[in-house]
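Single-letter residue listing:
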Amino acid sequence: MPAPVYRRILLKLSGEALMGPEAFGYHADTLRGIVVQIREVTELGVQVGIVVGGGNLFRGATGALGGMDRATADSMGMLATVMNALALKDALQTTGVSATVMTAVSIAHVGEAFEREIALRHLQNGQVVIFGGGTGNPFFTTDTAAALRGAEIGAELMLKATKVDGVYTADPKKDASAIRYERLSFDEAIAKNLGVLDLAAFALCREQGLPLAVFSIFKPGALRRVVMGENEGTRVTLN
């Protein structure tokens, strides 16, 4: 069997990805499908770190728009990401995948406080490490947290899981002539305002030379195809 192209990855999951067709919370079959894809790549020997958002439970920016103090709202959003990290850990362990939660905010008995050396040790021991709590600071998105953790753990690839199988010239649901980009540079993605990541996350990935793959987490086997280097999704690189 061919070896994976990438041996250590950082997967960014949105909280909304866990909702499936629901309007809030979790959808069991959707969560199970995501876990199956993660298990497939761990069985290939790939080390997996995950940053999960919290939008299915609470979004800081939305709370701020409602008049809440932005720093307070973002702190609530961080807690939502920890809840999602725990849900993902439970789902992974149910399927026999060893997983642990590390958080950027200290919550005793819920997850380990994030420490880079310990996270690396867990990854090397074959555990999926789920990073909750964002960056631990308000005003930063979980996209930025994913870029930060990816750089810290020495990931070879950051993967942004979405509902669409890559980055397109236009919204493929509205424009049948939209074409999927197979490859983009960071500069092209920013210049075209494609909205793949927020600018802080883009800047960090570009500075650290951390390539990005955008793919659909709802397409069976897509995660495996990305780590095997197949033509799946869109790659964003320095050149």
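Here's what I pulled together on the structure shown here. Residue indices follow the written sequence of each chain, beginning from 1 at its first position. Residues qualify for local features only when their pLDDT is at least 70, as the model is predicted, and side-chain atom pairs are given and counted only at 80 or more; totals for whole chains, interfaces and linings, by contrast, use all residues. No hydrogens and no water enter the side-chain calculation; it runs on all heavy atoms of the structure.

Each helix corresponds to a stretch of at least 4 residues labelled H or I by DSSP, and each strand to a stretch of at least 2 residues labelled E; elements are numbered beginning at the N terminus. On a plain count of helices and strands, the chain comes out with eight helices and eleven strands. The C-alpha atoms of the chain give 17 Å as radius of gyration, which agrees with the globular expectation for 239 residues (18 Å, within 12%). Residue burial is assigned from relative accessible area. The probe radius is 1.4 Å, only protein chains are included, and a residue is buried under 20% of its type maximum, exposed over 50%, and partly exposed in between. Within the chain, the fraction of its 239 residues that count as buried is 49%. By definition, residues are in contact when any of their heavy atoms lie within 4.5 Å. Counting contacts in the chain only where the partners sit at least 6 residues apart, residues at least 24 apart contribute 71% of the total. The protein chains shown are the only cover counted for residues, whose accessible areas, like all others here, come from Shrake-Rupley with a 1.4 Å probe. Accessible area for the chain stands at about 10900 Å²; split by element, carbon and sulfur atoms hold 52% of it. Measuring between centres, the 23 positive side-chain charges of the chain sit 3 Å from its 24 negative side-chain charges. We compute the radius of gyration from the C-alpha atoms alone; for a globule the expected value is 2.2 Å times N to the 0.38, where N is the number of residues. Two residue types count as positive, namely Lys and Arg, and two as negative, namely Asp and Glu; His and chain ends fall outside the count. The atom standing in for a charge is NZ when the residue is Lys, CZ when it is Arg, CG when it is Asp and CD when it is Glu.

Quick look at the pattern of salt bridges now. Any carboxyl oxygen of Asp or Glu that lies within 4 Å of a side-chain nitrogen of Lys or Arg is treated as forming a salt bridge with it. One pass over the full model with this rule turns up eleven salt bridges. With its nearest N and O atoms 3.0 Å apart, the salt bridge here joins Arg116 to Glu117. Bridged by salt links that share partners, the residues Asp165, Lys219, Arg225 and Glu232 form one connected network.

Tracing the backbone shows Lys12 in strand S1 (residues 8–13). Taking the relative accessible area as the measure of exposure, Lys12 reaches 5% and is therefore buried.

If you trace the backbone, Val129 turns up in strand S5 (residues 128–132). Given a relative accessible area of 0%, Val129 falls into the buried group. Between the C-alpha atom of Val129 and that of Ala61, which follows or precedes it by 68 residues, the distance is 26 Å. Setting aside residues up to four positions removed in sequence, Val129 forms contacts with Val48, Gly49, Ile50, Thr100, Met102, Ala119, His122 and Leu123.

What follows concerns the environment of Phe139. Here Phe139 is to be found in the loop between S5 and helix H5 (142–152). Judged by relative accessible area, which is 55%, Phe139 ranks as exposed. Remark: the alpha-carbon pair of Phe139 and Ala73, spanning 66 residues in sequence, is separated by 9.6 Å. Those residues in contact with Phe139 that lie beyond four places of it in its chain are Arg70, Ala71 and Asp74.

Turning our attention to the sheet that holds strand S6 (residues 157–162). Across a sheet, paired strands are connected by hydrogen bonds in the backbone, their directions being either parallel or antiparallel. Strand pairing is assigned whenever DSSP identifies at least 2 bridges connecting the two strands. Reading across the sheet, the nine strands line up as S4-S3-S5-S2-S1-S6-S10-S11-S9 and stay open at both edges, with mixed pairing between neighbours. Of all strands in the sheet, those bounded by a partner on one side alone are strand S4 (112–113) and strand S9 (183–185). An axis is simply a line fitted to the C-alpha atoms; with a helix, the fit covers only the stretch in contact. Between two such axes, the angle follows the N-to-C directions and lies from 0 to 180 degrees. Packing of helix H1 (residues 28–42) onto the sheet brings it into contact with S1, strand S2 (47–52) and S5, and relative to S2 it is tilted by some 150 degrees.

Our focus in this paragraph is helix H3 (residues 70–94). In this model H3 runs 36 Å from its N-terminal to its C-terminal C-alpha over 25 residues, within 8% of the 36 Å that 1.5 Å per residue would give. Just downstream of H3 lies Gly96, where phi reads positive at about 90 degrees. By this rule, a helix spans an expected 1.5 Å times one less than how many residues it contains.

Pairing of aromatic rings covers Phe, Tyr and Trp, the last through its six-membered ring, and needs centres within 6.5 Å; plane angles under 30 degrees mean stacked, over 60 mean edge-to-face, and all others mean tilted. In total, this model carries two aromatic pairs according to the counting rule given. The interplanar angle of 80 degrees and the centroid separation of 5.6 Å between the aromatic rings of Phe114 and Phe131 together place this pair among those described as edge-to-face. A residue pair is termed long-range when its members are at least 10 positions apart, and Phe114 in the loop between S4 and helix H4 (116–124) and Phe131 in strand S5 qualify at 17 residues. Taking relative accessible area as the criterion, Phe131 reaches 3% and is therefore assigned buried. Where Phe186 meets Phe202, the ring centres are 5.7 Å apart and the plane angle is 85 degrees; that geometry is what we call edge-to-face. Taken as a pair, Phe186 in helix H6 (residues 186–191) and Phe202 in helix H7 (residues 199–208) lie far apart in primary sequence, 16 residues in all. Comparing Phe186 with Phe202, the two get one shared label, buried. Over the ring of Phe114 we find Arg149; its NZ or CZ atom is 3.9 Å from the centre of that ring. Throughout this description, the term charge over a ring refers to an Arg CZ or Lys NZ atom that lies within 6 Å of the ring centre and within 35 degrees of the ring normal.

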